Amino acid sequence: MDIERIADFWIAQVVGIGPVGRQVIDGIFGSVMMLFLSSADEIYTLIGRWRAGGESSYRITNKTLRQLADPVSRIKIVDEYERVLKKNICFVRKCDDDYPDQLRHIQVPPEQLFYIGRLPTAYRVSVGIVGARECTTYGRDMARLFGYRLAEAGVVVISGMAKGVDGWAHMGALEAGGETVAVLGCGVEVCYPSSNEKIYRQIPERGCIISEYPTKYGAMPANFPMRNRIISGLSRGILIVEARIRSGSLITADAALDQGKDVFMIPGRIGDVLSEGCNRLIRQGAIPVISPDDILEYYNVKTGPEKGRGMGRDEKMILDLIKDKPISLMELASKAQGAYGYTVKLVRKLEKDGLIREISRDRYVRVEI
């Protein structure tokens with residue numbers, strides 16, 4: 001058993017220890033694993049000394065300290081880890097090779113992700129669509145239209161599965177048979193809001209549900225602004241569909257701008273409360289769009305017969321395993337847990353479609369779309 005991985009899984013369950021807290025823990029104990037292996041007395045002593053030093057504005061509350069020192073939680077964590085795996089929930093750390101490269105370079109990247117489905121890759125154009133929860137009929141129709149048309153063209157649609165614009169964007173992508181990713185402000189075992197249960201169950205079949213929070217963690221108001229940095233981090237650009245002057249959607253837009261991403265806006269009628277945020281950002285330099293084709297043309301996405309369109313599940317799995325670092329046929333067959341001959345057949349098909357290329361004998365890399 002990988003004790004370091006179990007320790008990282010354990011610390012991810014502790015309420016109050018986020019990315020900044022992890023840095024503090026590393027400073028006090030040297031690593032999460034050393035904390036995990038420490039006795040309760042050692043934990044109280046070392047954190048007490050750190051508190052007395054008063055060198056950080058970050059606080060480890062007494063409640064969090066009790067969780068860290070609780071020996072029972074460490075004894076039970078292996079059972080919890082196995083339970084999560086049995087439910088097909090994956091756990092990936094920032095130090096793992098399959099952690100999304102797009103998130104490594106954002107400010108305060110999540111230390112870990114829990115996900116159901118397939119993680120998005122940097123090789124597909126991806127666009128985040130966010131907007132008002134209490135959207136108008138116009139906002140609903142635009143979110144659904146843009147979600148559908150972008151996904152139909154092969155763009156990955158990313159959103160937060162919230163009520164309103166988020167849910168309709170996911171719905172449009174699913175109706176197009178495309179790929180969509182939901183980044184949650186709660187754990188991946190929690191469907192929030194419950195009204196989106198239908199799309200919650202469909203998304204893993206065509207994309208991914210992602211969260212940095214423990215799998216059963218409930219939705220809390222403070223989680224959503226943090227969630228927004230992941231939506232923008234996974235996206236090349238963000239499309240805002242209806243937003244008030246002060247809204248979570250504009251927090252996502254700010255995160256996107258900080259990350260150097262494109263920000264698109266659907267213009268609204270002057271005087272409408274739900275258009276004020278969008279119209280003001282257009283005045284400040286956001287890109288106005290009046291059709292999904294505007295975004296597709298911006299990213300040079302072909303809207304004719306799509307490369308790789310109609311791929312089966314096995315081809316998509318192989319394609320997702322091939323990244324910018326060369327990988328051999330033998331490695332692919334091993335990771336895909338499939339027969340070598342069948343893997344070769346799939347690779348040859350992907351190469352013929354122009355999605356991958358051979359850079360040396362039997363070693364392949366992804367071709368960016």
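Our structure is the block above this text.
Residues numbered from 1 in each chain as written. Predicted model: local features only at pLDDT ≥ 70, side-chain atom pairs only at ≥ 80, totals over all residues. Heavy atoms only, no water.

1. Thoughts on the pairing of strand 3 (residues 126-131)
To be explicit about the condition: Working definition: with a 1.4 Å probe on protein chains only, accessible area under 20% of the residue-type maximum means buried, over 50% means exposed, and in between means partly exposed. Secondary structure elements follow DSSP: runs of H or I of four or more residues count as helices, runs of E of two or more count as strands, with numbering from the N terminus. When the strands point away from the viewer, a crossover counts as right-handed if the route from the first strand across the helix to the second turns clockwise. A strand pair is defined by DSSP finding two or more bridges across the two strands.
The buried count for strand 3 comes to six of six residues, which makes it a mostly enclosed element. The alternating pattern of strand 3 places Ser 126, Gly 128 and Val 130 and Val 127, Ile 129 and Gly 131 on opposite faces, both of which are buried. You can see the chain leave strand 3, run along helix 8 (residues 137-152) and come back into strand 4 (residues 156-159), and the turn it takes is right-handed. Looking at chain direction, strand 3 and strand 7 (residues 237-241) are connected through five bridges and run parallel. Its bridge partner being in strand 7, Ile 129 is matched across the sheet by Leu 239.

2. Here's the deal with the packing of aromatic side chains
This is how it is decided: Think of it this way: a Phe, Tyr or Trp ring, Trp meaning its six-membered ring, pairs with another when their centres are within 6.5 Å, and the plane angle makes it stacked under 30 degrees, edge-to-face over 60, tilted otherwise. Only lysine NZ and arginine CZ atoms are considered, and such an atom sits over a ring when it is within 6 Å of the ring centre and within 35 degrees of the ring normal.
This model, assessed by the stated rule, comprises ten aromatic pairs. Summarising the aromatic geometry, the rings of Phe 264 and Tyr 299 are spaced 5.9 Å apart at their centres and angled 80 degrees between planes, so their arrangement reads as edge-to-face. On the criterion of sequence distance, the pair formed by Phe 264 in strand 8 (residues 262-265) and Tyr 299 in the loop between helix 14 (292-298) and helix 15 (313-321) is long-range, its members being 35 residues apart. Through a chain of ring-to-ring contacts, the aromatic side chains of Phe 9, Tyr 81, Phe 91 and Phe 114 assemble into a single cluster. One residue, Arg 133, lies across the ring of Phe 224, its end atom 5.4 Å from the ring centre. Across the ring face of Trp 168, the terminal group of Arg 140 is positioned such that the distance to the ring centre comes to 5.9 Å.

3. So, helix 9 (residues 165-175)
Formally: Pairs of residues are marked as contacts when any of their non-hydrogen atoms sit within 4.5 Å.
The buried fraction of helix 9 amounts to nine of the eleven residues, a majority that puts the element mostly inside the structure. Among the residues of helix 9, those classed as buried are Val 165, Asp 166, Gly 167, Ala 169, His 170, Met 171, Gly 172, Ala 173 and Leu 174. Structurally, helix 9 contributes buried residues whose contacts are with strand 3, helix 8, strand 4, strand 5 (180-183), helix 10 (197-206) and strand 7. Once helix 9 finishes, Gly 177 follows within two positions and takes phi at roughly 75 degrees, a positive value.

4. Quick notes on the side chain of Ser 159
The condition is simple: Pairing of N or O atoms within 3.5 Å defines a polar contact, subject to two protein rules: one partner must be a possible hydrogen donor and the other a possible acceptor, and residues neighboring in sequence count only if both atoms are side-chain atoms.
In this structure, Ser 159 sits in strand 4. Given the relative accessible area of 0%, Ser 159 is considered buried. A distance of 3.4 Å separates the side chain of Ser 159 from the side chain of Asp 166, its partner in a polar contact. Other than its neighbours up to four places away in sequence, Ser 159 contacts Ile 129, Val 130, Asp 166, His 170, Val 181, Ala 182, Val 183 and Ile 231.

5. Focus on the pairing of strand 4
Burial along strand 4 is two-sided: Val 156 and Ile 158 facing one way and Val 157 and Ser 159 facing the other are all buried. Pairing between strand 3 and strand 4: three bridges, direction parallel. Across the sheet, residue Ser 126 finds its bridge partner in strand 4, namely Val 156. Looking at chain direction, strand 4 and strand 5 are connected through three bridges and run parallel. Looking at the pairing, Ser 159 lines up with Ala 182 of strand 5. In terms of handedness, the path from strand 4 via helix 9 over to strand 5 forms a crossover that is right-handed.

6. Concerning the sheet that holds strand 11 (residues 356-360)
Each strand in a sheet pairs with its neighbour through backbone hydrogen bonds, running either in the same direction (parallel) or in the opposite one (antiparallel). The cut-off we apply is this: Only C-alpha atoms enter the line fits that serve as axes; for helices the fit covers just the stretch in contact. Angles between N-to-C directions range over 0 to 180 degrees.
Spatial strand order, 10-12-11: three strands in an open sheet with antiparallel pairing. Each edge of the open sheet carries a strand with a single partner, namely strand 10 (327-328) and strand 11. With two bridges connecting them, strand 10 and strand 12 (residues 363-366) associate as antiparallel partners. Counterpart to Ile 327 in the pairing with strand 12 is Tyr 364. Most of the contacts of helix 17 (residues 340-352) go to strand 11, to which it runs at about 105 degrees, and overall it touches strand 11 and strand 12.

7. Comments concerning helix 5 (residues 62-69)
What counts is decided by this rule: This arc is built from the directions going out from the helix axis to the C-beta atoms.
Among all positions of helix 5, only Thr 64, Leu 65, Leu 68 and Ala 69 are buried. Down the axis of helix 5, the sector holding all buried residues measures 130 degrees, keeping them to one side. Turned more than 90 degrees away from the buried face of helix 5 sit Lys 63 and Arg 66, all of them exposed. Buried residues along helix 5 sit against helix 1 (3-12), helix 2 (19-29), helix 3 (32-36), helix 4 (40-53) and helix 6 (71-86).

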